[in-house]
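Summary of structural features
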Amino acid sequence: MASGKAKSTLLQLLVLLAILAGGGAYNYHRNLDLEQAEQRPYRTLSDADLATLLAATEAESERLDGRYEQARGQGASRATGQAGFQAFESAQRRGRAVREMGYQASEMGASLAELRSETARREADAGAWYAFAGDEWRPILRRVFHVEL
């Protein structure tokens, strides 16, 4: 039969284990709720697909930004009379087209920022101490042990 001191030590270890398990379970569910509340539209993409999409979006964003800056740089000409009215209508159409290009460039920039954010998050995950774990265990370990201060 075990002595009183051994029983006390065993009881302390069991209490410590229960506290650690409870804290881990609490942290897991807290982090799971935080992850589900996050807006991450590219979460389901594989790393390869994310890299491909990021490269394509960067190229398209640069192209749109260049076209937008070029269109903004072109000035309107002044004219009078009937030709002036036609020039005014032409300038309005051009202004709407330039604004539409600006909207597209802005949306592309927002998509690019989200893609870069997702890439940065995955890189941080890969550099964490639990990166040795397989793809199935990595999110579980992150949820159990990650603490936001």
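About the thresholds
- Residues numbered from 1 in each chain as written.
- Predicted model: local features only at pLDDT ≥ 70, side-chain atom pairs only at ≥ 80, totals over all residues.
- Heavy atoms only, no water.
- Helix = DSSP H or I, 4+ residues; strand = E, 2+ residues; numbered from the N terminus.
- Rg over C-alpha atoms; globule rule 2.2 N^0.38 Å.
- Contact = heavy atoms within 4.5 Å.
- Lys, Arg positive; Asp, Glu negative; His and termini not counted.
- Charge placed at Lys NZ, Arg CZ, Asp CG, Glu CD.
- Axes fitted to C-alpha atoms, helices over the stretch in contact; angles between N-to-C directions.
- Parallel < 35°, antiparallel > 145°, perpendicular 65-115°, else oblique.
- Nonpolar A, V, L, I, M, F, W, Y, C, P; charged D, E, K, R; others polar.
- Buried < 20%, exposed > 50% of the residue type's maximum accessible area, 1.4 Å probe, protein only.
- Polar contact = N/O pair within 3.5 Å; in protein donor to acceptor, adjacent residues only side chain to side chain.
- Expected span 1.5 Å × (residues − 1).
- Core = buried A, V, L, I, M, F, W, Y, C linked by side-chain atoms within 4.5 Å.

**Re the overall build of the chain**
Helix and strand content of the chain: four helices and zero strands. Here the chain has a C-alpha radius of gyration of 29 Å; the compact-globule value for 149 residues is 15 Å, and the former is much larger. The dimensions of the chain, computed from C-alpha atoms along their principal axes, are 110 × 25 × 20 Å. Considering only intrachain contacts with a sequence separation of at least 6, the fraction spanning at least 24 residues in the chain is 73%. Computed over 19 positive and 20 negative side-chain charges, the separation of the two mean positions in the chain equals 4 Å.

**Describing the packing of helix α1 (residues 4–37) against helix α4 (residues 138–145)**
One way to put it is that α1 packs onto α4 with a least axis distance of 6 Å and a crossing angle of 110°. By the angle between their axes, α1 is roughly perpendicular relative to α4. Contact with α1, carried on its side by Gly24, Asn27, Tyr28, Asn31, Leu32 and Glu35, involves Ile140, Arg142, Arg143, Val144 and Phe145 of α4 and no other residues of that element. The class makeup of the residues in the contact of α1 with α4 is five nonpolar, three polar and three charged.

**Some thoughts on the side chain of Arg40**
Assignment of secondary structure puts Arg40 in the loop between α1 and α2 (47–73). You can call Arg40 buried: its relative accessible area is 18%. A distance of 2.7 Å separates the side chain of Arg40 from the side chain of Glu118, its partner in a polar contact. Those residues in contact with Arg40 that lie beyond four places of it in its chain are Glu118 and Arg121.

**Some details on α2**
Between its first and last C-alpha atoms α2 spans 39 Å; for 27 residues at 1.5 Å apiece the expected length is 39 Å, and the two agree. Buried within α2 are the following residues: Leu50, Leu54, Thr57, Ser61, Leu64 and Ala71.

**Here's the deal with the nonpolar core**
Counting five residues, the largest nonpolar core is built from Tyr42, Leu50, Leu54, Leu112 and Leu115. Contributing elements (two or more residues each) for this core: α2 and α3 (81–126). Dropping the residues within four chain positions of it, Leu115 is found in contact with Tyr42, Leu50, Leu53, Leu54 and Thr57.

**Brief notes about the side chain of Asn27**
Inspection of the secondary structure assignment puts Asn27 in helix α1. Excluding its chain neighbours within four sequence positions, the residues that come into contact with Asn27 are Arg143, Val144, Phe145, His146 and Val147.

**Observations concerning the environment of Asn31**
Among the structural elements, Asn31 can be located in helix α1. Residues Asn31 and Val15, 16 residues apart in the sequence, show an inter-C-alpha distance of 24 Å. Beyond its immediate chain neighbours, meaning those up to four positions away, Asn31 contacts Arg142, Arg143 and His146.

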